[in-house]
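Each chain is listed here by its residues.
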Amino acid sequence: NHMFLTALKGMWIEYIIIFLLAYFVSGHIAKFFAFRVVQPGDRPIVIIFAIQIFTVVAQVFFASFIGVFHAYGFTGNAIPNYIITFCKNFVMALPAQLFIAGPLARLWFRIVFRTQPDSR
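1. Observations concerning the packing of aromatic side chains
Each aromatic ring pair is specified by the distance between its two centres and by the angle formed by the two planes.
Point 1. This structure, assessed with the given rule, holds 14 aromatic pairs.
Point 2. With 6.3 Å between their ring centres and 75° between their planes, Trp12 and Tyr15 make a pair best called edge-to-face. Of this pair, Trp12 and Tyr15 are both found in helix α1 (residues 2-37), 3 residues apart, which corresponds to roughly one turn of the helix.
Point 3. Since its relative accessible area comes to 47%, Trp12 is described here as partly exposed.
Point 4. Where Phe33 meets Phe54, the ring centres are 6.0 Å apart and the plane angle is 25°; that geometry is what we call stacked. With Phe33 in helix α1 and Phe54 in helix α2 (residues 44-72), the pair connects residues that are 21 residues apart, well separated along the chain.

Written as structure tokens, this is what we have:
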């Protein structure tokens, strides 16, 4: 319980940093690289998946860096710790984004922003 409470207290500053990075940096990086792989005329779902994949890569890159710094500091093992953390985070984040978060977000937006039928 102590470890969980400690993590819960310390996660908010990391959450704010990751949110700001996602909003101002990762989204632009993801679109830049995604449109090197896909073309604007491709099927929308292919474009969505490309952007999602590159967003996960960028976010895992930043989040792993913050996590390693927070957990270990800058030590002689920083690079191996970062690589291990990056791989673990990527393995969890990509399927979660592609199979859970992405589809739920698209469903929610379809429901919320559904066009109302014309009542003429």
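2. Observations regarding α1
Three or four residues apart is the spacing at which side chains of an α-helix point the same way, because the helix has 3.6 residues per turn.
Point 1. Taking 1.5 Å per residue, 36 residues should reach 52 Å; α1 reaches only 45 Å between its end C-alpha atoms and comes up short.
Point 2. Within α1, the axis deviates most sharply at Ala22, by approximately 50°.
Point 3. Residues of α1 that are buried make contact with α2.

3. A short note on a nonpolar patch on the surface
Point 1. On the surface, Phe4, Leu5, Leu8, Met11, Trp12, Tyr15, Ile16, Phe19, Leu20, Tyr23 and Phe24 cluster together to form a nonpolar patch covering roughly 1,200 Å² of accessible area.
Point 2. Mapped onto the elements, Ile16 comes out in helix α1.

4. Comments concerning the environment of Ala34
Point 1. Tracing the sequence through the fold places Ala34 in helix α1.
Point 2. The class of Ala34 is buried, set by a relative accessible area of 0%.
Point 3. It is 5.3 Å that separates the C-alpha atoms of Ala34 and Ile51, two residues lying 17 residues apart in sequence.
Point 4. Here Ala34 is in contact with Ala50, Ile51 and Phe54, once residues within four sequence places are set aside.

5. A word on the side chain of Thr85
Point 1. Along the chain, Thr85 turns up in helix α3 (residues 78-112).
Point 2. Among residues more than four places away in sequence, those in contact with Thr85 are Ser64 and Val68.

6. Brief notes about the packing of α1 against α2
Point 1. Contact geometry of α1 with α2 gives a least axis separation of 7 Å together with a crossing angle of 140°. One way to sum up the angle between α1 and α2 is to call them oblique. Crossing hand, α1 versus α2: right-handed.
Point 2. Split into classes, the residues belonging to the contact of α1 with α2 amount to 19 nonpolar, 4 polar and 2 charged.

Each value, and the rule that gives it
Residues numbered from 1 in each chain as written. Predicted model: local features only at pLDDT ≥ 70, side-chain atom pairs only at ≥ 80, totals over all residues. Heavy atoms only, no water. Phe/Tyr/Trp six-rings, centres within 6.5 Å; stacked < 30°, edge-to-face > 60°. Helix = DSSP H or I, 4+ residues; strand = E, 2+ residues; numbered from the N terminus. Buried < 20%, exposed > 50% of the residue type's maximum accessible area, 1.4 Å probe, protein only. Expected span 1.5 Å × (residues − 1). Bend = angle between axes of the 7 residues up to and from the residue. Contact = heavy atoms within 4.5 Å. Patch = residues over 30% accessible without salt bridge, like charges linked within 9 Å, V, L, I, M, F, W, Y side chains within 5 Å. Areas by Shrake-Rupley, 256 points an atom, 1.4 Å probe, with all protein chains shown as cover. Salt bridge = Lys/Arg side-chain N within 4 Å of Asp/Glu carboxyl O. Axes fitted to C-alpha atoms, helices over the stretch in contact; angles between N-to-C directions. Parallel < 35°, antiparallel > 145°, perpendicular 65-115°, else oblique. Left-handed = near helix turned anticlockwise from the far one by under 90°. Nonpolar A, V, L, I, M, F, W, Y, C, P; charged D, E, K, R; others polar.

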